[in-house]
Amino acid sequence: MSSFSGLSARIGLTGKICLAFFLFIFLLSQSASAFFTGWLGREQEISLGKEVAKNYEREYGTKEVPRITAVGKKMIPYTGTDYQYHFKVLLSDEPNAMAIMGGFVYINRGLLKIIDTEDELAFVLGHEMAHIANRHMVKNVEKGISGGLILQLVFGRAPELTQKVVAIAWNLTQLGYSRQEEYEADHCGVSYMIRAGYNPRAAVSLMKKLMKLGGSGGPEFLMSHPDMQKRIQKIKNDYSAYF
């Protein structure tokens, strides 16, 4: 992580001590949580995202499917970002999908088994791309960074900081996002698919199939997400012209 170590190298010992004292005092204030947001730049985001992605790929194995990549690429221009998106199938039979900061989109083999149309595939990919475009994982990682980790950065312990940040990001992929973040990903994902020429009604058809797999709560893909009926209704309300 050269960007982290480079920061430390540019700060002299006296500067480090002063900055450490400032951080210690600031951590006592109620504004500390707001202070530790917005510090993770694009270079760090992509580098850390690669580390998290490597962990998943080692754990499950992956393969690239040209059809999936083609659908994802059709929606990239409508995300409003300049990320280099990567689309892979995770060799897991759980009906799940995930987004990792920096542009890494994974759809599980188990979810592909219940996707019947390219439009349904577009919704899943669009939803995950929206998490990346809106930097949901980045914002949550920043919130999870304590003053102690920032002090490690200041004193040049970049490898330890990197490991802990990657661990936070990994946990986020397991715990899921907030209700508001999921609603935002639905809304933006449907927008991407519409603009790329896909039918937004497929979002609802796929959600209904997922609900049948796991009752009212749904399978793994839905466990950390808001209630599916509410998500379906919100999509219908947001894009009423299509329903």
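Because the structure is a prediction, the values reported are computed rather than measured. (Residues numbered from 1 in each chain as written. Predicted model: local features only at pLDDT ≥ 70, side-chain atom pairs only at ≥ 80, totals over all residues. Heavy atoms only, no water.)

Peer 1: Please provide a residue-by-residue account of the overall build of the chain, values included.
Peer 2: In terms of regular secondary structure, the chain is built from 14 helices and 4 strands. In the chain, which comprises 243 residues, the share counted as buried stands at 50%. For the chain, contacts bridging at least 24 residues in sequence account for 71% of all contacts bridging at least 6. Only carbon and sulfur atoms are counted for the fraction: they give 53% of the accessible area of the chain, which is about 11600 Å². (Helix = DSSP H or I, 4+ residues; strand = E, 2+ residues; numbered from the N terminus. Buried < 20%, exposed > 50% of the residue type's maximum accessible area, 1.4 Å probe, protein only. Contact = heavy atoms within 4.5 Å. Areas by Shrake-Rupley, 256 points an atom, 1.4 Å probe, with all protein chains shown as cover.)

Peer 1: Quick one: what's the story with the environment of lysine 113, residue by residue and with numbers?
Peer 2: Its location among the elements puts lysine 113 in the loop between helix H6 (109-112) and helix H7 (118-133). For lysine 113, a relative accessible area of 59% gives the class exposed. Along the sequence, lysine 113 and glutamate 94 sit 19 residues apart, while their C-alpha atoms lie 10.0 Å from each other. At 3.5 Å, the side chain of lysine 113 forms a polar contact with the side chain of aspartate 93. (Polar contact = N/O pair within 3.5 Å; in protein donor to acceptor, adjacent residues only side chain to side chain.)

Peer 1: Explain the nonpolar core to me, using residue names and the numbers behind them.
Peer 2: By size, the foremost hydrophobic cluster in this structure holds 43 residues, and its most contacted members are Met75, Tyr85, Ile107, Leu125 and Met129. Put simply, the parts of the chain that give this core at least two residues each are helix H5 (66-75), strand E2 (86-90), strand E3 (97-100), strand E4 (104-108), H7, helix H11 (179-195), helix H12 (201-214) and helix H14 (228-238). Once you skip the residues sitting within four places of it in the chain, tyrosine 85 turns out to touch Ile76, Thr79, Gly103, Val105, Met129, Ile132 and Ala133. Counting residues in hydrophobic clusters, the runner-up holds 20 residues, among them Leu48, Val165, Ile168 and Ala169. (Core = buried A, V, L, I, M, F, W, Y, C linked by side-chain atoms within 4.5 Å.)

Peer 1: Any details on the pattern of salt bridges? Residues and values, ideally.
Peer 2: Tallied over the full model, the rule gives 11 salt bridges. The salt bridge involving aspartate 82 is made with arginine 42; its shortest N-O contact spans 2.6 Å. Of this pair, aspartate 82 sits in the loop between H5 and E2 while arginine 42 sits in helix H4 (residues 42-60), and the two are 40 residues apart along the sequence. The class of aspartate 82 is exposed, set by a relative accessible area of 56%. With a shortest N-O distance of 2.8 Å, lysine 209 and glutamate 120 are connected by a salt bridge. (Salt bridge = Lys/Arg side-chain N within 4 Å of Asp/Glu carboxyl O.)

Peer 1: Explain unusual backbone geometry to me, and be specific about the residues and the numbers.
Peer 2: Outside of glycine, negative phi angles account for most residues, and trans bonds account for most peptide bonds. Phi is positive for arginine 135, close to 55°, though the residue is something other than glycine. Positionally, arginine 135 belongs in the loop between H7 and helix H8 (136-144).

Peer 1: Describe the pairing of E4, listing the residues and the values that go with them.
Peer 2: Most of E4 is tucked away: 5 of the 5 residues are buried. Judged by which residues are buried, E4 turns out to be covered on both faces: Phe104, Tyr106 and Asn108 on one side and Val105 and Ile107 on the other are all buried. Across 5 bridges, the pairing between E2 and E4 is parallel. By the bridge assignment, valine 89 is partnered in E4 with isoleucine 107. As paired strands, E3 and E4 are joined by 4 bridges and run antiparallel to one another. The partner of methionine 98 across the bridge, within E4, is tyrosine 106. Here E3 hands over to E4 after 3 residues, with glycine 102 in that stretch at a positive phi of 100°. (Pairing = 2+ DSSP bridges.)

Peer 1: Help me get a handle on the sheet that holds strand E1 (residues 62-63), residues and values and all.
Peer 2: Read from one edge of the open sheet, 4 strands run E1-E2-E4-E3, paired in mixed fashion. A single partner strand is all that each edge strand has here, and the edge strands are E1 and E3. In the sheet, E1 pairs with E2 via 2 bridges, with the strands oriented antiparallel. Its bridge partner being in E2, threonine 62 is matched across the sheet by leucine 90. Where H4 meets the sheet, its contacts fall on E1, E2, E3 and E4, and the angle it forms with E4 comes to roughly 20°. (Axes fitted to C-alpha atoms, helices over the stretch in contact; angles between N-to-C directions.)

All we've got here are geometric facts, nothing functional implied.
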